[in-house]
Amino acid sequence: MKKFAFIFTIALGLLTTSCDDYMDINHNPNSPAEENMTTNILFPGAEMNLCSSYGDFYRITGGYFAQYYSQAFGTSNYLDYSKFTMSATRSSTDYTQLNQRALKNLKTAAELAEANEEWGTFLAAKTLRAFIYQILVDAYGEVPYTEALDPSNATPKYDQGADIYAGVLAELDEALSKASENDQVATNFLLPGKTAGEWIKLANAVKLKMLTRESGVADVNSQIAALVSQNNFPEGDVAWEGCWSNESGALSPFFAEEFSTAWGSTQINCIGNVAIIGTMNQTSYVDGRLAAFFEPNSDGNYTGGISGSNFSTSSKYKSSYWCRPVASYDMPVYFITKAEVEFFIAEYYAKAGNAAQAKAHYEAAINASFETAGVPGAAEAIKQFPYDQANYKKCIGISKWIALAGVNTFEGWCEARRLDFPAFGSVQGSQMYNEQTDDSYKPELYVPGTFYTPIKVEDKLGANKILERWPYPESSSARNSNCPDFPGYATPVFWGK
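Note that the structure is predicted; figures quoted are calculated from it, not measured. (Residues numbered from 1 in each chain as written. Predicted model: local features only at pLDDT ≥ 70, side-chain atom pairs only at ≥ 80, totals over all residues. Heavy atoms only, no water.)

Here's the deal with the overall build of the chain
Thinking step 1. The helix and strand inventory of the chain stands at 18 helices and eight strands.
Thinking step 2. For a compact globule of 497 residues, the expected C-alpha radius of gyration is about 23 Å, and the chain comes in at 22 Å, within 12% of that figure.
Thinking step 3. Counting only C-alpha atoms and orienting by the principal axes, one finds that the chain spans roughly 65 × 55 × 45 Å.
Thinking step 4. Taken across its 497 residues, the chain has 60% of its residues classed as buried.
Thinking step 5. Expressed as a percentage of contacts within the chain between residues at least 6 apart in sequence, the contacts between residues at least 24 apart total 73%.
Thinking step 6. For the chain, the accessible area works out to roughly 18600 Å², and carbon and sulfur atoms hold 47% of it.
Thinking step 7. Of note, the chain has its 37 positive side-chain charges centred 6 Å away from the centre of its 56 negative side-chain charges. (Helix = DSSP H or I, 4+ residues; strand = E, 2+ residues; numbered from the N terminus. Rg over C-alpha atoms; globule rule 2.2 N^0.38 Å. Buried < 20%, exposed > 50% of the residue type's maximum accessible area, 1.4 Å probe, protein only. Contact = heavy atoms within 4.5 Å. Areas by Shrake-Rupley, 256 points an atom, 1.4 Å probe, with all protein chains shown as cover. Lys, Arg positive; Asp, Glu negative; His and termini not counted. Charge placed at Lys NZ, Arg CZ, Asp CG, Glu CD.)

With respect to the environment of C323
Thinking step 1. Along the polypeptide, C323 turns up in the loop between α11 (290-293) and β6 (333-336).
Thinking step 2. Linking C323 and G304, residues 19 residues apart in sequence, is a C-alpha distance of 6.6 Å.
Thinking step 3. The residues contacting C323, other than those within four sequence positions of it, are I271, G272, F294, E295, P296, N297, N301, Y302 and T303.

Examining the nonpolar core
Note that soluble globular proteins tend to have their nonpolar side chains buried in a common cluster.
Thinking step 1. If you look at the biggest cluster of nonpolar residues, it comprises 163 residues, and the most contacted ones within it are Y58, L136, W199, W240, F335 and W470.
Thinking step 2. For this core, the element with the most residues is helix α5 (residues 119-140), which contributes 15 residues.
Thinking step 3. Beyond its immediate stretch of four places on either side in the chain, L136 contacts Y58, Y95, L98, N99, L103, G141 and V143. (Core = buried A, V, L, I, M, F, W, Y, C linked by side-chain atoms within 4.5 Å.)

Focus on the side chain of T39
Thinking step 1. Assignment of secondary structure puts T39 in helix α1 (residues 39-54).
Thinking step 2. For T39, the residues in contact, after removing those within four places along its chain, are P44, A109, L112, A113, E118, T121 and A186.

Some remarks on unusual backbone geometry
For residues that are not glycine, phi is negative in most cases, and the peptide bond is trans in most cases.
Thinking step 1. For the peptide bond that leads from F421 to P422, omega is 0°, which places it in the cis range.
Thinking step 2. Locating P422 in the fold gives a position in the loop between α16 (409-419) and β7 (423-424).
Thinking step 3. A positive phi is found at D420, a non-glycine position, where the angle reads about 65°.
Thinking step 4. By secondary structure assignment, the location of D420 is in the loop between α16 and β7.
Thinking step 5. The backbone phi angle of N464 is positive, close to 60°, even though this residue is not glycine.

Things to note about the packing of aromatic side chains
Thinking step 1. All told, the structure shown has 49 aromatic pairs when counted by the stated rule.
Thinking step 2. Judged by centre distance (5.8 Å) and plane angle (35°), the ring pair of Y317 and W322 falls under tilted.
Thinking step 3. According to the relative accessible area criterion, Y317 is buried, its value standing at 6%.
Thinking step 4. Among the residues examined, W322 registers a relative accessible area of 2% and is labelled buried.
Thinking step 5. Pairing F410 with W413 gives two aromatic rings, centres 5.7 Å apart and planes at 65°, and the pair type is edge-to-face. Of this pair, F410 and W413 both sit in helix α16, three residues apart, which is roughly one turn of the helix.
Thinking step 6. A relative accessible area of 1% means that F410 is categorised as buried.
Thinking step 7. Residue classification places W413 among the buried residues on the basis of a relative accessible area of 0%. (Phe/Tyr/Trp six-rings, centres within 6.5 Å; stacked < 30°, edge-to-face > 60°.)

Re the packing of α1 against helix α2 (residues 57-65)
Thinking step 1. As a packed pair, α1 and α2 sit with axes 4 Å apart at the nearest point and diverge in direction by 25°. The angle between the axes of α1 and α2 places the two elements in the roughly parallel class. Where α1 approaches α2, its residues S52, S53 and Y54 are matched on the opposing element by F57, Y58 and R59.
Thinking step 2. Considering only residue class, the contact of α1 with α2 consists of three nonpolar, two polar and one charged. (Axes fitted to C-alpha atoms, helices over the stretch in contact; angles between N-to-C directions. Parallel < 35°, antiparallel > 145°, perpendicular 65-115°, else oblique. Nonpolar A, V, L, I, M, F, W, Y, C, P; charged D, E, K, R; others polar.)

Considering the environment of K351
Thinking step 1. One can find K351 in helix α12 (residues 338-351).
Thinking step 2. Not counting residues within four places of it along the chain, the set of residues in contact with K351 comprises S215, Y392 and R418.
Thinking step 3. Here the side chain of K351 touches S215 through a polar contact of 2.7 Å, side chain to side chain. (Polar contact = N/O pair within 3.5 Å; in protein donor to acceptor, adjacent residues only side chain to side chain.)

Concerning the confidence of the model for the chain
Thinking step 1. Averaged over all residues, the pLDDT of the chain is 92; the fraction at 70 or higher stands at 92%.
Thinking step 2. The model gives residues 1-17 a pLDDT under 50, and that stretch makes 52 contacts with residues more than four places away or in other chains. (pLDDT = per-residue confidence, 0-100.)

Some thoughts on the side chain of S399
Thinking step 1. When you line up the elements, S399 lands in helix α15 (residues 392-403).
Thinking step 2. A relative accessible area of 4% means that S399 is categorised as buried.
Thinking step 3. In this structure the side chain of S399 is engaged in a polar contact, spanning 2.7 Å, whose partner is the side chain of Y362.
Thinking step 4. Once residues lying within four places of it in the same chain are set aside, the contact partners of S399 are F343, Y362, I366 and F385.

Here it is in structure tokens:
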């Protein structure tokens, strides 16, 4: 895997418009001394370390684990992901980046903000901190939290995911209680120039997501009800956008990793998966978002590869035969979308038995997804996947999975694990393509709106199972005697049990 590399610099006294100028101030010899640190210096570096990991590594892995992506012909960079496998080594770099850079800078920024009573910045720092811990728990299940980020403790204990969720939600509530709408917020790229009022909405959206995630295993209905009743969420999508440029070191992360030739590479890895392509491109229905999410192949058709194979013996199925994800140097890295919020609200009403409100928000979510994609066709999608109160998990699960395909693939993987939809169908990857004979690519066997077992799936996971969690990262486990034993790929994180 080629890990895209930004060149990180910071010019003191100058606020530039490029996101990546703030990507790493922790180890930069030109960074200011600790006593000269300010929230305006710390905050952008922290958020860009989050953005670079979330918009690249977590997008790629989520894409494979949610069967949005499969591996292109002739390469094997992510073939392990395509087989529903994650090693302890693969995630170590990004785990370290989130912990030793993003979380560390956010901790310092929050402490400075609290000391100076900068409550808008305090809330913003706590919002990103909660978001990062949500990502880590959703990926690993358990990570250091209460004893984390203490330089004197080389072996922090691993906290249970439920305890971490509870802890960061309490931190968010404390920050929300201190911030007022007109409070100023430190320099940042996520909501540039906005006061704390917009960060309050964003914090509420993070709370809604986390509370909904744990709602199947904890009694948090009253907290969700209060958020829904308050209805103070972002009016649109929240993303890192408008800060990328078409030059080496300033590209949007996923594009820099998989599409840029700045480092002389022309290798193609990620291609569309037959699952998402087959669901969006049916015989009697073509989803309007398809062209916004995936490029057609060289013949102008939409074809999806099979998980667990890179078609390595093929003379026909070259890279040009497949569809690639749509990507550009300035593509947004989405923090949370309006569609996601509406889907969560729809689920709240569905559980409450209010079918009318659930239907209204479900359809609002699909409409918002089409607005994000910038294409028409929401009415046709709603007709194809109508709301069904008796099967709300299925219709919300499948429609949310589709909506997240071109936007936020890591969240798509999380929601598929939680809602258990898409479910696994009867066909398996080996039935749609035979690696030995290379003459049996049969995408017509795929049943729209389902998952399938990859070819050569990880044998410790088994057939008809989605990857539930990652092994603890080697960068932590190799040095920490308190690291627990890995419970296995098929063991859900706390909210999936």
